[in-house]
Each structure stands twice: as structure tokens, then as C-alpha cells.
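Residues per chain are reported as follows:
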Amino acid sequence: MDLRIFTEPQQGASYDTLLTVAKATEDLGFDAFFRSDHYLKMGDVDGLPGPTDAWVTLAGLARETKRIRLGTLMTAGTFRLPGVLAIQVAQVDQMSGGRVELGLGAGWFEEEHKAYGIPFPKEKFGRLEEQLAIVTGLWETKLGDTFDFHGTYYDLTGSPALPKPAQARIPVLIGGHGASRTPKLTARYADEFNMPFASVEDSEQQFGRVRAAVEAAGRGADELTYSNALVACVGKDDQEVARRAAAIGREVAELKENGLAGTPAEVVEKIGRYAEIGSRRFYLQILDLSDLDHLELISAQVQPQLS
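Everything quoted here is computed from the prediction, not taken from an experiment.

S.K.: What should I look at first to understand the pattern of salt bridges in this one?
M.R.: Note that side chains of opposite charge can pair when their charged atoms are close. Taken as a whole and assessed by the stated rule, the structure comprises 20 salt bridges. The partner of Arg-69 in a salt bridge is Glu-101, with the nearest N and O atoms 2.8 Å apart. One end of the pair, Arg-69, is in strand β3 (residues 69-72); the other, Glu-101, is in strand β5 (residues 100-105), with 32 residues separating them in the sequence. No difference in accessibility class separates Arg-69 from Glu-101, as the two residues are buried. With a shortest N-O distance of 3.7 Å, Glu-129 and Arg-188 are connected by a salt bridge. Pair noted here: Glu-129 is in helix α5 (residues 125-140) and Arg-188 is in helix α6 (residues 181-189), with a separation of 59 residues, a long-range link.

S.K.: How should the nonpolar core be read in this particular structure?
M.R.: The biggest cluster of nonpolar side chains holds 76 residues, and the ones touching the most others in it are Leu-3, Trp-55, Leu-284, Ile-298 and Val-302. Per-element accounting of this core gives the leading share, eight residues, to α5. For Leu-3, the contacting residues outside a window of four places in its chain are Phe-30, Asp-31, Ala-32, Ile-271, Phe-282, Leu-284, Ile-298, Val-302, Gln-303 and Leu-306. In this structure, Phe-6, Ala-32, Leu-73 and Ala-229 belong to the second largest nonpolar core, which totals seven residues.

S.K.: For this particular structure, what's the right way to read the packing of α6 against helix α7 (residues 200-216)?
M.R.: When two helices pack together, their arrangement is captured by the angle between the axes and the distance separating the axes. Contact geometry for α6 and α7: axes closest at 8 Å, N-to-C directions at 50 degrees. When the axes of α6 and α7 are compared, the pair comes out oblique. For the crossing formed where α6 meets α7, the hand is right-handed. Residue-level inspection shows Thr-182, Pro-183, Lys-184, Thr-186 and Ala-187 of α6 in contact with α7, the latter providing Gln-206, Arg-209, Val-210, Ala-213 and Val-214. For the contact of α6 with α7, the per-class residue count stands at five nonpolar, three polar and two charged.

Calculation notes
Residues numbered from 1 in each chain as written. Predicted model: local features only at pLDDT ≥ 70, side-chain atom pairs only at ≥ 80, totals over all residues. Heavy atoms only, no water. Salt bridge = Lys/Arg side-chain N within 4 Å of Asp/Glu carboxyl O. Helix = DSSP H or I, 4+ residues; strand = E, 2+ residues; numbered from the N terminus. Buried < 20%, exposed > 50% of the residue type's maximum accessible area, 1.4 Å probe, protein only. Core = buried A, V, L, I, M, F, W, Y, C linked by side-chain atoms within 4.5 Å. Contact = heavy atoms within 4.5 Å. Axes fitted to C-alpha atoms, helices over the stretch in contact; angles between N-to-C directions. Parallel < 35°, antiparallel > 145°, perpendicular 65-115°, else oblique. Left-handed = near helix turned anticlockwise from the far one by under 90°. Nonpolar A, V, L, I, M, F, W, Y, C, P; charged D, E, K, R; others polar.

The structure is reproduced here in C-alpha cells:
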């Protein structure tokens, strides 16, 4: 059972803050450090000092960490041309010694596109499908060969398909609630399916759809890792849980219903319910990045019970 730390820097975090959290992630024995890919804050926060770019951040962390996996939930397909993204991710993989994973999604937050002059196309899912084909196709092209792709949205001719990642295959993550197209795309391209911010019941239903799609595509359903992303709010007692909930502007009851919240024992029990329906990896959304004691508590009192 992997526990990964998942951050939302658009809500307000400098690179130095992210570096501190990533180093704590490594020192405390967590499996990976992931971050969102957004350029605009959400909700009632000031977002200061402003956004940081996901792949610039991960490039820095690649050189400042040694063990943990590094990746995105999810890189927005609208932010980058697929050929450029393939170069960026392969380079960061080389810089990290082969520790990168790519979560790629269609992009959804229209306001951040307006704020920074980024085109927000109507047909995003079709673009995402072509992006996945191009990114993975460039990485898989043999040295000395060239890569061509002629699609509806992108056209590549005679690409040298360089650079290559350090890993033989960079793990690709796809996620979401879509009932039909998402499972089919997952079956074709993904190594991991992530269900974000969903109940055990909804996760079980979506995992079932994905498993069926994977098998229909001629793959073994268990070839994929099935994971959940959930907000974390853990305290040694009820008072500490309440303090941490207040710090992120949430209610304890709501967090217990929709996330991993409560005492370590309560959180372990909730994780166990997800494990029963096939989840093997958890992305703990940490919203207060100044509270490193929170990570220490999870490391000391939750993680050991999941082995």
C-alpha cells in the first residue's frame, strides 16, 4: 500500500515551500510527491505568492531528492503541446534518475485559461486522446527511427523522437469519473487509474468499468494500479483534527464523509474500506503545507499499519 503526498500549490506556495514538503515526504518514508497543474487559485484563498509551474517545480525537485517518485495529478492537456510535453517529461525523468510519472488530463478550469491567455478548446477529450498517443509514441520510438502522427488536432512529421526518458516506460496515469470514454482511454494508454475525491461506492463502480475496459482491450485488469486521491486531515485526537480542519477552512464531519479524516485509527479503517474494492495507492491531498507535524503523524501512526 503506497501513500503519496499530493499538493495544490496554486492555493499558495512558493518553490521553497514545495521543496520543504518534498524533502519531508522523502525523509518520512512516503512513496512519492505529486502536485497539481494549475495556474489560478480556487476558492477563498489569496493564492500568494502566485502560481508555480508543475514541470519547472518537478525539474528542481528531481535534483534535490533521491528516492521519491515525482509526478502530476493531472497535467492539463490544454497547457502544453504534446511534443513539447514529451520533451519536458523525458528531461525531468533523466534529471531524476528515472523517478517521474505523468498524470495527464484534458484540462477543465476555464477561468485559469482566461487569466493567462491559454486557449480553452471546446473539444478537449479528443485532443487528450491524441496527446497520449503522441507522448507515448515519441517515447517508444526506437533510436534512429522517426515518429509521424497525423491526427485531427496535431500533426508531426519526421520527428527524431528525442530525448528518451531514463525509464524504459514512464508510468502514465489517467483518472476521472467518466463512465465510457475515460475507461477506454485508460485501457489503451494507462499504467494506473486514479479516482479523485470519490466515495468507496463510486470508486468501486468506476474501478469496475475500468477493469472491464482493460480486459476488453486484451490486457489483464490487474496490470493496472488502482488508486484514490483524497483530502487528508489526521489528528492524534478530536481536538487536533478540528484544529487542522479549521486551518484549511473545512468542517470535520464533511471531511470524514468525503476524505481521510480523523484519528489515525479512523483513517486506517477508511483506507481499509478502499483497499477492499481494489485501491492500492493513496494520494493524500495536503492543503496546509506549513504543517509538517501532520506528515509526521501520518508517517508514524498511519503508514506502519498499512504494510
